[in-house]
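# An overview of the molecular structure
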Amino acid sequence: MSKVQKLKSTTDAFLKASKSIYGPEISGSHLINGKLKRGENFFQSLNPADLSDVVGSFPSASKKDIDETVKAAAAAYEKWRKVPAPVRGNAIGRLAQVLEREKENLAKIITREIGKTLKESLGEVQEAIDTALFFQSEGRRLYGQTVPSELPQKELMTYRRPLGVCLMITASNFPFAVPSWKIIPALIAGNTVIWKSSQDAPATALSFAMCFQEAGFPAGVVNLIHGDGEVGQTCLEYVEKGLVQKVSFTGSTAVGKKIGEICGRALQIPSLELGGKNPLIIYKDADLDKAIPTSIVSCYGTAGQRCTSTGNIIIHKDIYDEFKSKFMKAASGIKIGNPLLSKNILYGPLIAERYLQNFLKHLEWGKKDGGRLLFGNGRISKKNPYPNFSGDPDAGWFVTPTLWEGVKKDMRLFQEEIFGPTVNLVKVNSFDEAMECANGHDYGLSSAIFTEDAHLMLEFKENIQAGMSSINNSTTGAEAHLPFGGIKGSGNGTRESGIWVLDSYTRWHAVNVDLASQLQLAQMDTDYGDFREPISFKDWVK
Ligand code: UN1
């Protein structure tokens, strides 16, 4: 029997004892050096769809906990980096098996903790499985190069070397898939990991960390600590002390810039996946039968809480009225509810109260900004009902879909990422103006266009300022093996996923072996084929 089958279900411990409809209250811990540590300074993780449901209580890492974690990760690194890469890959393969077996339970924990639909949560776990399967076999590649030398009897080669202890600071909206994009490639390359979970998703993080445990990673290779932004800040001090060699962060542009400064002072390149205000162009020849449902999901899916969610729909004037009326009709049917209790909803609650506050504020300032509100009236409640809501709206942080029009490039509504189910209609007169708008903001994460014209597709591909672009598809929904990341305010050029992420967790090591029987110097003793007398050591020494 394989190790994986022998072990008890990792997540059953969380879910079986359940008396409530959602599951038991999880007694949270850090995972430090292979052991669960209960810790101190507890905070609660609440189900955002039903605030009476406490998902669990979790410790906030103290300075002492962080010290202990950094030491454990550093000690584990010295052994883990020497484990042959294909063997490291086997451990990742076992992780994929555990995730596959636990998929349903894990998805329920994600949905309970951050409120995305079960279908999306299953997708998140699947994305982690795909990532594990991809990197399992990368353990048998991790290719370096052999390079011809300019001198005889000399060999040149390159190796990928791990960096050391990697600190992963992750966000709440993709609390499973995005951490997998960071942790799995870091591990296959021979690094060890300290994962600081999102304060809004510690139960998801712990359940994922337990899967790594079950898969048999040695103690200290994957460590998990919890806490808010301040804990993250304390962790970053270890970069300056030279004890953490890599930081990978998904979150806001403002925090990303600060992390960039800290890492820059230590001459490190962090991986930064930051915000977005993603444009979706509807050109006049767009196939609206496809463009309408795609735009609805692109804007409002996950309650607009993806960094790849559409922020501005840029529409050619000839098709503007038709698009607007069809979009509004489709949006009026959007179903909202508690994702563990209601079937077939497009989205659930906002993840956290601060997202709700930020969302409600934009309804105020958006009007002053000059936007015309076509629909959307804030928080759904018994007093402020929404027709397609099922369940108790007062129980959670639910908001209605929101649509603005009359939005222009220089407006705050156009420029600012809101992180909620809100989008702007922007009318343009030409393709060139559409492109100017699509590039007219400080972000550059995702982008999309709907057109049937192959020449415009090419124009769009060549001129859009974004890390990712879709043609006749949503701005969301990246696949697990294509490079993910942005430009401008959306990131620093590093990429996650696929083979490209390996550059973020390895450094190149150039090695030469000289088998010649005498000293030979590159450039100076090289025979360039121009028949010059070679300069030799003998000429310099009597
Ligand atoms: C994010 O919002 O941080 O492409 C990541 C997508 C998802 C990942 C989004 N697969 O929409």
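Residues numbered from 1 in each chain as written. Predicted model: local features only at pLDDT ≥ 70, side-chain atom pairs only at ≥ 80, totals over all residues. Heavy atoms only, no water.

### As for the sheet that holds strand β21 (residues 470-471)
Operational definition: Pairing between two strands is assigned when DSSP locates at least 2 bridges connecting them. Helix and strand definitions follow DSSP, with helices as H or I runs of at least four residues and strands as E runs of at least two, each counted in order from the N terminus. Contacts are assigned to residue pairs with any non-hydrogen atoms lying within 4.5 Å of each other. Lines fitted to the C-alpha atoms define the axes, with helices restricted to the stretch that makes contact. Angles between their N-to-C directions range from 0 to 180 degrees.
If you walk across this open sheet you meet the 7 strands as β16-β18-β19-β14-β13-β20-β21, and the pairing is mixed. Edge positions in the sheet fall to β16 (372-375) and β21, since each of these pairs with one other strand and no more. Summarising the sheet, strand β13 (residues 278-282) and strand β20 (residues 448-450) pair through 3 bridges and their orientation is parallel. Counted as the bridge partner of I281 is I449 from β20. Its contacts with the sheet put helix α14 (residues 431-438) on β13, β14 (310-316), β19 (422-428) and β20, and the angle it makes with β19 is roughly 145°.

### Describing helix α8 (residues 229-240)
The condition is simple: Helix span, as expected, comes to 1.5 Å for every residue beyond the first. We call a residue buried when its accessible area falls under 20% of the maximum for its residue type, exposed when it is over 50%, and partly exposed in between, using a 1.4 Å probe and counting protein chains only. Here a polar contact is taken to be a pair of N or O atoms separated by no more than 3.5 Å, where protein atoms must pair a possible hydrogen donor with a possible acceptor and residues adjacent in sequence count only if both atoms sit in side chains.
In this model α8 runs 17 Å from its N-terminal to its C-terminal C-alpha over 12 residues, within 8% of the 16 Å that 1.5 Å per residue would give. Those residues of α8 not exposed but buried are V231, G232, T234, C235, L236, Y238 and V239. The inward-facing, buried residues of α8 contact α3 (63-80), β8 (165-169), β9 (192-196), β10 (222-225), β11 (246-250) and α9 (253-265). Residue D228 occupies the N-cap position of α8, its side-chain oxygen lying 3.1 Å from the main-chain nitrogen of E230. Looking one or two residues past α8, G242 carries a phi angle of roughly 80°, positive in sign.

### Focus on the site of the ligand
Stated precisely, the cut-off is as follows: Being near a molecule or strand, for a residue, means having at least one of its heavy atoms within 4 Å of it. With residues, only the protein chains shown are counted as cover, and all accessible areas are computed by Shrake-Rupley using a 1.4 Å probe. Note that Gly is not counted as nonpolar here; it falls among the polar residues with everything else outside the nonpolar set of Ala, Val, Leu, Ile, Met, Phe, Trp, Tyr, Cys and Pro and the charged set of Asp, Glu, Lys and Arg.
Close contacts around the ligand come from E127, N173, F174, V178, W181, R306, C307, T308, T476, G477, A478 and F484, and that covers them all. Here an oxygen atom of the ligand sits 2.8 Å away from a polar atom, N or O, in the main chain of C307. In isolation the ligand offers 320 Å² of accessible surface; the protein chains occlude 98% of this area. Grouping the constituent residues of the shell around the ligand by class yields 6 nonpolar, 4 polar and 2 charged.

### Details of a nonpolar patch on the surface
For the record, the criterion: Patch definition: residues above 30% relative accessible area lacking any salt bridge, with like charges linked at up to 9 Å and the nonpolar side chains Val, Leu, Ile, Met, Phe, Trp and Tyr linked at up to 5 Å. Salt bridge criterion: a side-chain nitrogen from Lys or Arg within 4 Å of a carboxyl oxygen from Asp or Glu.
A surface patch of nonpolar side chains, about 520 Å² in accessible area, is lined by L519, M524, F537, W540 and V541. As for its position among the elements, M524 is in the loop between β22 (506-514) and α17 (537-540).

### Side note on the domain arrangement of the protein
Here is the rule we go by: What counts as a domain boundary in this text is fixed by an automatic or database domain assignment. When two components associate, each loses some accessible surface as probed by a 1.4 Å sphere; the sum of these losses over both components is called the buried area.
In terms of domain boundaries, the protein breaks down into domain 1 (3-274 + 497-505) and domain 2 (278-480). Centre-to-centre, using C-alpha coordinates, domain 1 lies 31 Å away from domain 2. Each partner contributes residues to the interface: domain 1 has 27 residues there, and domain 2 has 27 residues. Surface buried jointly by domain 1 and domain 2 totals about 2,100 Å² across both partners, of which 60% is contributed by carbon and sulfur atoms. On the domain 1 side of the contact with domain 2, P48, A49 and N173 bury the most area, a combined 22% of that side's loss. For the pair domain 1 and domain 2, the interface holds 2 salt bridges. Its salt-bridge partner being R354, residue D200 comes within 2.7 Å of it at the nearest N-O pair. Connecting domain 1 to domain 2 are 9 residue pairs in polar contact (both at pLDDT 80 or more). Among the secondary structure elements, those contributing two or more residues to the side of domain 1 that touches domain 2 are β5 (50-58), α4 (85-114) and α5 (118-138). If you tally residues by element for the side of domain 1 that touches domain 2, the top one is α5, at 5 residues. Taken together, the residues that form the side of domain 1 that touches domain 2 break down as 9 nonpolar, 10 polar and 8 charged.

### Re the packing of α3 against α8
Note the following rule: Angle categories are assigned with fixed cut-offs, so that under 35 degrees is roughly parallel, over 145 is roughly antiparallel, 65 to 115 is roughly perpendicular, and the rest are oblique. Should the near helix be turned anticlockwise from the far one by less than a right angle, the crossing is termed left-handed; should it be turned clockwise, right-handed.
Running from amino to carboxyl end, α3 crosses α8 at an angle of 45°, the nearest separation of the two axes being 10 Å. Viewed along their axes, α3 and α8 adopt a mutual orientation that is oblique. In the packing of α3 onto α8, the handedness of the crossing is right-handed. Along its contact with α3, which presents K63, I66, D67 and V70, the element α8 presents V231, T234, C235, E237 and Y238. Considering only residue class, the contact of α3 with α8 consists of 5 nonpolar, 1 polar and 3 charged.

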